[in-house]
Every structure is written in C-alpha cells, then in structure tokens.
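Each chain is listed here by its residues.
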Amino acid sequence: MLKLASTALGLSLLAVSAHAQSPIRIGVPIGLSGANSVVAPSVVQAAELAVAEINAKGGVLGRPLTLDVADDGSGAAGAQRAFDSLVFQKKVDVLISMETSAARNAGLPIVTRGKTPFIYTSSYEGHSCNRYMFVDAWVPEQQEAPVIDYFLKEKGAKTFFLIGSDYAFGRGMLSYAKQYIEAHGGKVVGDEYQPMDAGDWTAIISKVRSASPDALILSTAGGVPNVTLTKQYRAAGITVPVGNLGVDEGTAKTMGEDATGVYVSSSYFTSVDSPANKTFLAAMRAKFSDGLLTPNDLSVPQYEAIYLYKAAVERADGTAVDGVTKALAEVSFDGPRGRIQMNKQRHAPLTMYLGQVQPDGSVKILQTAKDVDPGEQCPNLK
Amino acid sequence: MSLLLDIVTTAAILYVVALGLLIVFGVMGIISFAHGAMLTVGGYAALLVTWAGWNPWASLPAAVLAGLLAGAAMEWAVLRPLYRRPLDAILATWGLGIVIGQVITLAFGRQVQFAQSPLSGAATVLGATYSQYRLLLVVVAVLLAGTIALVLHGTRLGLVTRAVIANENLAQSLGVNSARVRFASFGLGSALASLAGALVVPLSSVDPNMGVPWLVGAFMLVLLSGSSLVAMAAAALVLGAAQVLVSTYLNAVLGGMTVAVLAAVILRVRPAGFARA
C-alpha cells in the first residue's frame, strides 16, 4: 500500500515537473520544396543550432524549445496549409521563418486569426505590416543604397540599366532602385523584366548593349534566372560594373569566374570579422561538420530571431501573445550580424556590407554602413 | 546588326534543342515528354566532365553517350511494349521524364550547379561585339542538320528509316525490322537531346529542371515541321525572329510567350505548318 502510494506520488510529481517543463514550440513554415528549396535547408540548420544552444543552457524560463518544421512549397497554397496546421493543430507558440513573399502574404491572415507572434527572417521588398509580425532582415531602403551610392560616387556612373524577375520582389526592388537613382542624380536608361522561370535573356542583353549604361543593377529571383542572366551577359562581353541584388554568397561562390567582380550588398557575409560571427561559424561547423551548408544572409537572421524570441519571452515572463509582441520591439540580441533590435516599426536597423566577389569566389567587404535605418515601413501600425 | 545575330543564334539554339525530338516524332509518331529530362541528362554529363577535370569539350561526347544509353534503356524497358498504344506511350515518356528528374535530384541534389564552358567571351563580327559561344551554336546547328540529312539520305539505315516514317506497315511487309528502326531512332533522338543539353550549359544553369524552359519551344517547332529537317529550319528562323523582335520592340514577358502563341496561330491557319502538306 505504502509502495503504491509512493509510486502514485512519484507519478504525480513527474507529471507536475513535466508540466513545468512543457516545451515552447516554434513553428517554422518554410520552402523545403519549390523555389526556396536551395536555401531553406541552411535556414533550418541555423534554427537547429539556436535551439540546441538555448536548450543546452536550460531553455527559456526553464522550458525547452522545440522546432516544428512544415514545408510551404515556396508558394501561397502550400503556405496556407503549413500555417494552418502549425497555428491551429500544433498550436505553436510562435512562428519564426524565412519564406517567399507569396507564402508570407498567404500566411499572414492565418497569423492574425490565430493571434500568433511571427518573426519573418527573410529580406524582402518591404512595407508588409501586421500587428503580430516582426522582421529582422533587410528591406530595399537598407540594401540598395550602398550599391547605388558606390556606383554613383566611386565609379562615376550616371546611367543605369535595371533587369529583374517579374514578381513582387523583383519589381519592388527595382522600383525602389529607380526612385533612389533618380533622386540622387543618376538616370535609368532602361528597366526590363522576365518571368521567373525564363532562361533566355538575348533580347534584353541586346537592349543593354544599345543603351550602353554605366552600370547594371540586377534583381532576379535566386537560382536559375540569376545564373542564366549572369552567364549570358558575361558571354556577350558586357563589362560595366554590375550590382546583383538577388544573389546569395553561396551561389556567387559556385558561379566562379562568371561572378567575379560582381558587387553584392548584404547584412551578412561569412567573412564578417567579429568575435560573435567567429563563435557562430565554429558552432555551426561543430554541429553539422561535413553536412554544413554555408551560413548566409537568410539563415543568420533565423538564428538571431530565435534568440530575440527567447529574450522577449523572458522579458514578458511567458509566451502570452500580447506580452511577447510588446517585448519583441524592446529586446535586442548581439548575433553574428551585430546588435539586432526590431524597434523601427517592427523592422530592424542593420549593419550593411558592400562586397565584391573575388576570383577565388570569396566576397571581399569594401564598405560597411553601421545600423542603416529601414525607413518608414509600417507608419500606421500601432 | 546585333539584332540579326540575335535572330540567327536564337533560331540555331531552338533548332539544336528540338532536333532530337524531331527524330523521335518522325519515326515513332509520339512527342516524347522525356525530352526535357534528356536535356537535363546532357547538362549533368557536362557537370561530371567538369568534376573529373577533363577538357570542357569532352562534355559533348559524354552527353551523347549518356543520352544514347538512357534512351536505349528506356525504349527497351518501357516503350517497346507500348508500340500499338501511342497515347499510352506518350504518357509513359512523361512518367519517364519525372523518374529521370527525381533520380538526378537524388544523385546531385536540387541546387544549381556549374559546369565549365568550352568557350567564353565575345568576338567582333561585322562590327558588332557578340558572344562567341552563340555564334558557335549556329555552326553546330548547321553541322548537326547536315549530318542527319546525310545519314537519312545517303545510308541504308537512312533509307530504312525513311521507309518506316513513310509507311511502317508497308516497310514491315517488305522485310524491314521496324522495331530495330524505332530502337535506333529513339536512342539517336535521346542522344541528340542530351547533346543539346550539354550545348546549352554555357547559357543555362545546371539543375534538375534545366530542361523545362526549352521544352515549349521544341514542342512547337516539331508540331510545325512534321518530320522535315528543312521545315524545321524555316520554323526555327520564323519563331526565333518573332521571339527576338517582340522581346526587343515590345517587352520580354510577351517575347517569352511569342513562340507558343505564334505556333498555335500558324497551325490554325495552316495545319501542316511549315511541312509540305
């Protein structure tokens, strides 16, 4: 009898401690298939490292973190399913993820309905506003100015030709570029768009040649269009300075000599020389060894966002949505990209780097701009 | 001047990409939906050559070999039992295309990869600076078309093949082994598709879907030209010119649609397309 009672006591104690230890669930809707499938696995790796590090140090308020990764197919239909199942079935405490603009826009109504905090960790075209959403990656105001300023001042460029993919990101980036160039004394002599899956740039390259601009600005979808355009303008013998707004460091590296000399702008390069970045890279190598995918400008914000969420939960002393969304704007985290705080209308000032791809594939950082402001992103959001 | 070069080189690329499909369609009467996958096979053959550190020109024979083997295996294992059921055979090629794509994804991953280009840089032609590689493709297209015409019209294999194209039942009753002709032509068609895949690598990216953007143009060309090499040259020039002109003077988004729309219009007005009806 005594033994039975003690077993029962033990069981109930166990239940109590299990309750106190119930995990905080982080939903990660992400494009494991489709257009984002090239970069998504590196983002998941970054999230896994953050969760493992935090859990090894005792979790958040004594509770461990768990990840629920759901494939959104990189598009709107898949995102609806992924957000729906994460928010309403798995009942995650927060959504933290890098996604295409189409997927984000499809998921936001579900975020609103489910009243779930959402940290969006992808650079994007800007001005997406929702009271539950925070963004810790760059918008055009932060990314484009360094490249265009450099071309105007250092390269003496006066005329620009813009080429992009025909979708929200490509159009959004280049319409900002056009506005910025014309506001700073440059002239846009042409802007051309192609469908996202297009691989033949013949006519556009001929137009570039006849317009003979001083510089090219490219903003295509990542992967295929970026690669085909780069190869084809190179083969056509175009040698003016090129700023590629849509290429990640990993792709630039694998492109080899075709990408040599291209200017890129980013809030993160693996070559960022800071102790926090060195620690981060060493931890990534230790955790994933041979399977490590190059950390990049999309995966590092994911890593930092999980730490930002941790800080917000600790400040709010719980995962309740109102407390967390209030705290998310107040907390900061010192990560591989420096100090990140999402206090500018739910966006974050970021240190931006202007880099140039070197013949050996590495990116040489030419200029660093500290804490570039995201500008007016969501002025009407309370 | 560069407009003219754009048109001629675009037509040459269309022609090279569609040639394998034309051979298969001519002999077997089916449009092979595995054509895009065979282009991809050629791209990866070029990638393997780069990895092995060989001369980039070696990617061309490597692609021919890979395409020949893959095509022969597909014909022998899957298509042969479906000779009398052409619609099922078309569906089967579609399935084969998916299988090849997935096998490539499993083996090489989804990401975009890079194979070395045999020729890069620009040359000056008649006062215009132009991509050397695109100019080379014009020469390649002419050489390939000439070789195939010679084979079809100057060898016994060609004679037999033309007999099967003209009337398969009659050829069989005269003692022609039409199954062997089909086997040879599917293998040859696949080898040409794979070669085209390796040839477009310097303009394209190497990824498991690299064949897809080229498919529509190739299908339209073959529909317009029946089984004639000459008709296809005419169709390639007309469609290539239309695409370049629309992209240049209107915009590139419309240019991308031009080939499909124009082909549909031509077929509506003249069902035989560019082939002599």
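Per chain, the residues get numbers from 1 upward, laid out in the order the sequence is written. Whichever chain is written first becomes A and whichever ligand is written first becomes 1, with later ones labelled in order. Local features in a predicted model are, by the rule used here, given only for residues with pLDDT of at least 70; side-chain atom pairs are given and counted only at 80 or more, and totals for whole chains, interfaces and linings are based on all residues.

**Some points on the overall build of chain A**
Elements are defined by DSSP. Helices are runs of H or I of four residues or more, strands are runs of E of two residues or more, and each kind is numbered from the N terminus. Per the secondary structure count, chain A includes twelve helices and 14 strands. Every radius of gyration here is taken over C-alpha atoms, with the globule rule written as 2.2 Å times N^0.38, N being the number of residues. Against the globule reference of 21 Å for 382 residues, chain A gives a C-alpha radius of gyration of 22 Å, in line with a compact fold. Along the first, second and third principal axes, the C-alpha set of chain A runs to 95 × 45 × 35 Å. For chain A, the proportion of its 382 residues judged to be buried stands at 51%. For chain A, the proportion of contacts with a sequence separation of at least 24, taken over those separated by at least 6, is 72%. Partly exposed residues are those whose C-beta has more than 12 but fewer than 20 other C-beta atoms within 10 Å; with 20 or more the residue is buried, with 12 or fewer it is exposed, and the C-beta atoms are placed from the backbone. Once C-beta atoms have been placed from the backbone, residue pairs whose C-beta atoms lie within 7 Å are recorded as contacts.

**Side note on unusual backbone geometry**
Residue and element names in this part refer to chain A. Located in the positive-phi region is His127, a residue other than glycine, with phi close to 65°. Residue His127 is classed as partly exposed on the basis of its 16 C-beta neighbours within 10 Å. At Asp371, a residue that is not glycine, the phi angle is positive and equals roughly 40°. Take Asp371: it is sitting in strand β14 (residues 363-372). Using a count of 13 C-beta atoms within 10 Å as the deciding quantity, one classes Asp371 as partly exposed.

**Section: the packing of helix α9 (residues 212-225) of chain B against helix α11 (residues 252-269) of chain B**
Residue and element names in this part refer to chain B. For helices, the fitted axis covers only the stretch in contact; all axes are lines through C-alpha atoms, and the angles between them, taken along N-to-C directions, range from 0 to 180 degrees. One can describe the packing of α9 onto α11 by two numbers: an axis separation of 9 Å at closest approach and a directional angle of 15°. With respect to their mutual orientation, α9 and α11 come out roughly parallel. Pair α9 / α11 crosses with left-handed handedness. On the side of α9, the interface is formed by Val216, Gly217, Met220, Leu223 and Leu224, while α11 contributes Val259, Ala260, Ala263, Ile266 and Leu267. Three classes are used, and their members are as follows: Ala, Val, Leu, Ile, Met, Phe, Trp, Tyr, Cys and Pro are nonpolar, Asp, Glu, Lys and Arg are charged, and the others, Gly among them, are polar. Each residue belonging to the contact of α9 with α11 can be placed in one class, and the counts come to nine nonpolar, one polar and no charged. Roughly parallel covers angles under 35 degrees, roughly antiparallel covers those over 145, roughly perpendicular covers 65 to 115, and oblique covers all other angles. Handedness of each helix crossing follows the sense of rotation of the near helix against the far helix: counterclockwise by less than a right angle gives left-handed, clockwise gives right-handed.

**Some thoughts on the pairing of strand β3 (residues 94-97) of chain A**
Within a regular strand, side chains alternate between the sheet's two faces. Residues and elements named next belong to chain A. On β3, burial covers both faces: Val94 and Ile96 on one face and Leu95 and Ser97 on the other are all buried. Two strands pair under a simple rule: DSSP has to find at least two bridges between them. In the sheet, strand β1 (residues 24-30) pairs with β3 via two bridges, with the strands oriented parallel. Considered in β3, the bridge of Gly27 is made with Leu95. Relative to strand β4 (residues 118-120), β3 runs parallel, the two being bridged by three bridges. Counterpart to Leu95 in the pairing with β4 is Phe118. Since β3 and β4 lie parallel, the crossover through helix α4 (residues 101-114) that links them has a hand, and here it is right-handed. Viewed with both strands pointing away, a crossover whose connecting path from the first strand over the helix to the second turns clockwise is right-handed.

**Description of the interface of chain B and chain A**
Taken together, the contact between chain B and chain A spans 28 residues of the former and 29 residues of the latter. Elements with a minimum of two residues in the side of chain B that touches chain A: α1 (2-28), β2 (128-131), α10 (229-249) and α11 of chain B. Of the residues belonging to the side of chain B that touches chain A, the class tally is eleven nonpolar, 14 polar and three charged.

**Description of the confidence of the model for chain B**
Across the chain, each position has a pLDDT score giving the predictor's confidence in that residue, from 0 to 100. Across chain B, the average pLDDT comes to 88, with 99% of residues at or above 70. Model confidence for the complex is summarised by a pTM of 0.78, with the ipTM given as 0.74.

**Structural notes on the environment of Leu218(A)**
All names here are of chain A. Counting through the fold element by element, Leu218 comes out in strand β8 (residues 215-219). Sequence separation of Leu218 and Leu162 is 56 residues, and the distance between their C-alpha atoms is 5.9 Å. Dropping the residues within four chain positions of it, Leu218 is found in contact with Ile163, Leu229, Val242, Asn244, Leu245 and Gly246.

**Structural notes on the packing of helix α6 (residues 156-166) of chain B against helix α8 (residues 178-200) of chain B**
Residue and element names in this part refer to chain B. Packing of α6 against α8 leaves a shortest axis separation of 10 Å and a crossing angle of 105°. One way to sum up the angle between α6 and α8 is to call them roughly perpendicular. Residues Val160, Thr161 and Val164 of α6 form the contact with α8, whose own contacting residues are Ser178, Val181 and Ser185. Of the residues belonging to the contact of α6 with α8, the class tally is three nonpolar, three polar and no charged.

**Observations concerning the pairing of strand β13 (residues 350-357) of chain A**
All names here are of chain A. By the criterion of burial, β13 is predominantly enclosed, with six of the eight residues buried. Examined bridge by bridge, strand β10 (residues 263-266) and β13 share four bridges and lie antiparallel to one another. Each bridged residue has a counterpart across the sheet, and for Ser265 the counterpart in β13 is Leu354. Note that β13 and β14 share seven bridges and pair antiparallel. Within β14, the position partnered with Tyr353 by the bridge is Thr368. The hairpin turn running from β13 into β14, its antiparallel successor, is five residues long, and Gly361 in that turn takes a positive phi close to 95°.

**Quick word on α10(B)**
Think of an α-helix as 3.6 residues a turn; residues three or four steps apart then line up on the same face. With 21 residues, α10(B) should cover 30 Å at 1.5 Å per step; its first-to-last C-alpha distance of 30 Å lies within 8% of that length. Turning to α10(B), its buried residues number three or more, namely Ala231(B), Met232(B), Ala233(B), Ala235(B), Ala236(B), Leu239(B), Gly240(B), Gln243(B), Val244(B), Val246(B), Ser247(B) and Thr248(B). In the core, the buried residues of α10(B) are packed alongside α7 (202-211) of chain A together with α1, α5 (132-154), α9 and α11 of chain B. Expected span of a helix: the number of residues minus one, times 1.5 Å.

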